[in-house]
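Coordinates in review
Read off the chains here:
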Amino acid sequence: AQSVAQPEDQVNVAEGNPLTVKCTYSVSGNPYLFWYVQYPNRGLQFLLKYITGDNLVKGSYGFEAEFNKSQTSFHLKKPSALVSDSALYFCAVRVRSNDYKLSFGAGTTVTVRA
Amino acid sequence: NAGVMQNPRHLVRRRGQEARLRCSPMKGHSHVYWYRQLPEEGLKFMVYLQKENIIDESGMPKERFSAEFPKEGPSILRIQQVVRGDSAAYFCASSTEGAWSSYEQYFGPGTRLTVT
């Protein structure tokens, strides 16, 4: 079985400061990892994914994430947060090659204060 | 290129009524997935469909829930005899290539079902 944990329900940062949203996963095979963002009353927007190759993945809106196989983590980062980054962030995983169901974490609410 | 479209955006039903949720995938996408998001929880997979075929419905309750993706028209998620516990946001996603590829799923805005 596959699962995702987002250990922090909420993250609060000041605008201009670095932002990190944590994600750890558990799968029985090699993972495909994804980050999505959800704004109020909107659907999920794709931010970035790790499939293979370079462990540092760059995505939309200045976000990046680092795949760490030994720690089974895929933390989302942004060097300088904006107020407009305030939203709900979801990490998701599926097992490479033999599965397609995305398993989502419970989500982390990010609040960036001006 | 329009994204994934869902309607209605909000749906209110009384207990015992039927709910029909529609999803039109992105142009060129032939793979559709339905997820349910309960309050304070992440999304849970319900069903995966291709045109005219249900590939995997392992996440869908065995009673009262059904899904289809006909040759023409949108995918439909149907909930019969709704109960209060069915109140949730239902999201549809689509992808272009087969589900075993690396392609990401694109999500619609969701339908928020409230059962009174």
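Keep in mind the model is a prediction, meaning the values are calculated, not measured.

Residue and element names in this part refer to chain A. Applying the stated rule across the entire model yields 14 aromatic pairs over all chains. With centroids separated by 6.0 Å and ring planes inclined at 50 degrees, the aromatic side chains of Tyr-36 and Phe-104 adopt a geometry described as tilted. With Tyr-36 in strand β5 (residues 31-38) and Phe-104 in strand β11 (residues 103-104), this pair connects stretches of sequence that are 68 residues apart. Measuring from ring centre to ring centre gives 4.1 Å for Tyr-50 and Phe-67, while their planes differ by 20 degrees; the resulting arrangement is stacked.

One frequently used descriptor of interface size is the decrease in accessible area upon assembly of the parts. Between chain B and chain A, the contact holds 23 residues from the first and 22 residues from the second. Between chain B and chain A, a total of about 1900 Å² is buried, with carbon and sulfur atoms accounting for 53% of that surface. Connecting chain B to chain A are one salt bridge. As a salt-bridge pair, Glu-104 of chain B and Lys-49 of chain A come within 2.7 Å of each other at their nearest N and O atoms. Where chain B touches chain A, the interface holds three residue pairs in polar contact (both at pLDDT 80 or more). Secondary structure elements with two or more residues in the side of chain B that touches chain A: β4 (31-37), β5 (43-50) and β6 (53-56) of chain B. The element contributing the most residues to the side of chain B that touches chain A is β5 of chain B, with three residues. The class makeup of the residues in the side of chain B that touches chain A is 11 nonpolar, seven polar and five charged.

Turning to the confidence of the model for chain A, a few remarks are in order. Residue-level pLDDT values for chain A average 91, and 96% of them are 70 or greater. Looking at the elements of chain A, mean pLDDT is at its lowest for β11 of chain A, recorded as 90, and at its highest for strand β3 (residues 19-21) of chain A, recorded as 98.

On to unusual backbone geometry. Cis geometry marks the peptide bond from Asn-7 of chain B to Pro-8 of chain B, where omega comes out at 0 degrees. If you trace the backbone, Pro-8 of chain B turns up in the loop between β1 (5-7) and β2 (10-13). Even without being a glycine, Tyr-61 of chain A presents a positive backbone phi close to 60 degrees. Mapped onto the secondary structure, Tyr-61 of chain A falls in the loop between β7 (56-58) and β8 (64-68).

The subject of this paragraph is the pairing of β4 of chain B. Residue and element names in this part refer to chain B. The buried fraction of β4 amounts to seven of the seven residues, a majority that puts the element mostly inside the structure. Residues His-31, Tyr-33, Tyr-35 and Gln-37 line one face of β4 and the alternating positions Val-32, Trp-34 and Arg-36 line the opposite face, and both faces are buried. Relative to β5, β4 is paired through seven bridges, and the arrangement is antiparallel. Paired with Tyr-35 across the bridge in β5 is Phe-45. The antiparallel hairpin formed by β4 and β5 contains five residues in its connecting segment, where Glu-40 sits at a positive phi of about 65 degrees. As defined by bridge partners, β4 adjoins strand β9 (residues 88-95) across seven bridges and the pair is classed as antiparallel. What sits directly across from Gln-37, in β9, is Ala-89.

Residues and elements named next belong to chain B. Within the open sheet, the four strands sit side by side as β1-β3-β8-β7. Their pairing is antiparallel. Each end of this open sheet is capped by a strand with a single partner; those strands are β1 and β7 (65-68). Mean inter-strand twist for the sheet, computed between neighbouring axes without regard to direction, equals 15 degrees. Of the strand pairs in this sheet, β7 and strand β8 (residues 75-79) are connected by four bridges, and their pairing is antiparallel. Opposite Ser-66, over in β8, you have Arg-78 as the bridge partner.

What follows deals with the nonpolar core. As a rule of thumb, nonpolar side chains are buried together in soluble globular proteins. Leu-19, Trp-35, Leu-47, Leu-48, Phe-74, Leu-76 and Tyr-89 of chain A are the most contacted members of the largest nonpolar core, which totals 28 residues. Of all the secondary-structure elements, those providing two or more residues to this core are β2 (10-14), β3, β5, β6 (44-50), β8, β9 (73-78), β10 (87-95) and β12 (108-113) of chain A. Per element, the largest residue contribution to this core is five residues, and it comes from β10 of chain A. Beyond its immediate chain neighbours, meaning those up to four positions away, Leu-19 of chain A contacts Val-11, Val-13, Phe-63, Leu-76, Lys-77, Lys-78, Ala-81 and Val-110 of chain A. Ala-19, Met-26, Trp-34 and Tyr-90 of chain B belong to the second largest nonpolar core, which has 23 residues in total.

Definitions and cut-offs
- Residues numbered from 1 in each chain as written.
- Chains lettered and ligands numbered in written order.
- Predicted model: local features only at pLDDT ≥ 70, side-chain atom pairs only at ≥ 80, totals over all residues.
- Heavy atoms only, no water.
- Phe/Tyr/Trp six-rings, centres within 6.5 Å; stacked < 30°, edge-to-face > 60°.
- Helix = DSSP H or I, 4+ residues; strand = E, 2+ residues; numbered from the N terminus.
- Contact = heavy atoms within 4.5 Å.
- Buried area = accessible area lost by both parts, 1.4 Å probe.
- Salt bridge = Lys/Arg side-chain N within 4 Å of Asp/Glu carboxyl O.
- Polar contact = N/O pair within 3.5 Å; in protein donor to acceptor, adjacent residues only side chain to side chain.
- Nonpolar A, V, L, I, M, F, W, Y, C, P; charged D, E, K, R; others polar.
- pLDDT = per-residue confidence, 0-100.
- Buried < 20%, exposed > 50% of the residue type's maximum accessible area, 1.4 Å probe, protein only.
- Pairing = 2+ DSSP bridges.
- Axes fitted to C-alpha atoms, helices over the stretch in contact; angles between N-to-C directions.
- Core = buried A, V, L, I, M, F, W, Y, C linked by side-chain atoms within 4.5 Å.

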